[in-house]
Amino acid sequence: MNTHINIEASWKQRLIHEFSQDYMLTLRSFLQREKQCKKTIYPPAKQWFAALNTTPFNQVKVVILGQDPYHGENQAHGLCFSVPPNTKIPPSLLNIYKELQTDLNIPPAEHGCLIHWAQQGVLLLNSVLTVEKSCAGSHQNKGWEHFTDAIITQINQHTEHTVFILWGSYAQKKGANIDNRKHLVITAPHPSPLSVYRGFFGGRYFSRSNTYLKQHGKAVIDWALPELNTATKQFEQAQQGTSKNLARVKRR
């Protein structure tokens, strides 16, 4: 883990304590050993906190929980389910697009980059923020889960009327303590081809989210993704770290 970690200022304020916890120090050592062994880790280190850096705490309106980053080349960039604009769209995301079309009559995008959602307040958070190339689940139970639990706790306790979309048993277990009296919790099977026909289709996740947000005086999400050229520009800007609100977390 880098000596300095760039993280959006509002998240730094709420999570700074986590970086000195024993689990985070253990995670740091693990990642350093992996790099020393010349293992390829996805996403690149500067994108580990992309979900937080793209969606500041006070802008979070919807949370979509994923599990692990994609472990293929040029796929993971720090937002769950999302891939860079010129990367082949993964099967799970194709199924999400199918449901989006059924729900809101939005045609499937020609790319898989979801930065447009994240910039509007959709926190696209994986439970585990790194993975070894070609080794699915390889960084589970190394400490990331504690960190992302802390993120969910902050949102659960210190926001109101947030939508949590929990696809699959893993996400549902992780979100089991979310207060459904003050938030909308939507659960469904995972959009993976292995489970999508167990009830994912027909869930109307996007219209239900917007209806809830509107009911509570919040701006709705524009779920229609931009054309490829615009998505590419958004991705490139994110790569350059153009957010003005990034703060550095110093390691001890």
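An account of the accompanying structure is given in this report. (Residues numbered from 1 in each chain as written. Predicted model: local features only at pLDDT ≥ 70, side-chain atom pairs only at ≥ 80, totals over all residues. Heavy atoms only, no water.)

### A word on the sheet that holds strand β6 (residues 163-167)
Stage number 1. On the basis of which strands lie adjacent, the open sheet formed by 4 strands has the order β4-β3-β6-β7 and parallel pairing. One side of each edge strand has no neighbouring strand; the edge strands of this open sheet are β4 (122-126) and β7 (184-188). Taking each pair of neighbouring strands and ignoring which way they run, the sheet shows an average axis angle of 20°.
Stage number 2. Taken together, the 4 bridges between strand β3 (residues 62-66) and β6 define a ladder with parallel strand orientation. Each bridged residue has a counterpart across the sheet, and for L65 the counterpart in β6 is L166.
Stage number 3. The strands that helix α6 (residues 144-158) touches are β3, β4 and β6; relative to β4, the one it contacts most, it runs at about 150°.
Stage number 4. The strands touched by helix α8 (residues 205-215) within the sheet are β3, β6 and β7, with β6 carrying the most contacts at an inclination of about 160°. (Pairing = 2+ DSSP bridges. Helix = DSSP H or I, 4+ residues; strand = E, 2+ residues; numbered from the N terminus. Axes fitted to C-alpha atoms, helices over the stretch in contact; angles between N-to-C directions. Contact = heavy atoms within 4.5 Å.)

### Comments concerning the packing of helix α2 (residues 22-36) against α6
Stage number 1. Contact geometry of α2 with α6 gives a least axis separation of 9 Å together with a crossing angle of 135°. Taken together, α2 and α6 sit at an angle that is classed as oblique. Counted together, Y23, M24, L27 and L31 of α2 and W144, H146 and F147 of α6 form the full contact between these two elements. (Parallel < 35°, antiparallel > 145°, perpendicular 65-115°, else oblique.)

### Regarding the environment of N180
Stage number 1. Checked against the element boundaries, N180 lands in the loop between α7 (169-174) and β7.
Stage number 2. Here the alpha-carbon distance between N180 and T40, two residues 140 residues apart in the chain, equals 39 Å.

### As for the pattern of salt bridges
Stage number 1. Tallying each qualifying case throughout the model produces 4 salt bridges.
Stage number 2. A salt bridge links K174 to D149, with the shortest nitrogen-to-oxygen separation between them at 2.6 Å. Of this pair, K174 sits in helix α7 while D149 sits in helix α6; the two residues are 25 residues apart in sequence, bridging distant segments of the chain.
Stage number 3. Of the residues examined, K174 reaches a relative accessible area of 15% and is grouped as buried.
Stage number 4. Relative accessible area serves as the criterion here: at 32%, D149 is assigned to the partly exposed category.
Stage number 5. Residues D179 and R181 are paired through a salt bridge, measuring 3.0 Å at the closest nitrogen-oxygen approach.
Stage number 6. Assessed through its relative accessible area of 75%, R181 is described here as exposed. (Salt bridge = Lys/Arg side-chain N within 4 Å of Asp/Glu carboxyl O. Buried < 20%, exposed > 50% of the residue type's maximum accessible area, 1.4 Å probe, protein only.)

### A look at the packing of helix α4 (residues 91-104) against α8
Stage number 1. Closest axis-to-axis distance for the α4/α8 pair is 7 Å, and the angle between their directions is 60°. If you check the angle between α4 and α8, you find them oblique. Mapping the contact onto sequence places I96, E99, L100, D103 and L104 in α4 and Y205, F206 and S207 in α8.
Stage number 2. Split into classes, the residues belonging to the contact of α4 with α8 amount to 5 nonpolar, 1 polar and 2 charged. (Nonpolar A, V, L, I, M, F, W, Y, C, P; charged D, E, K, R; others polar.)

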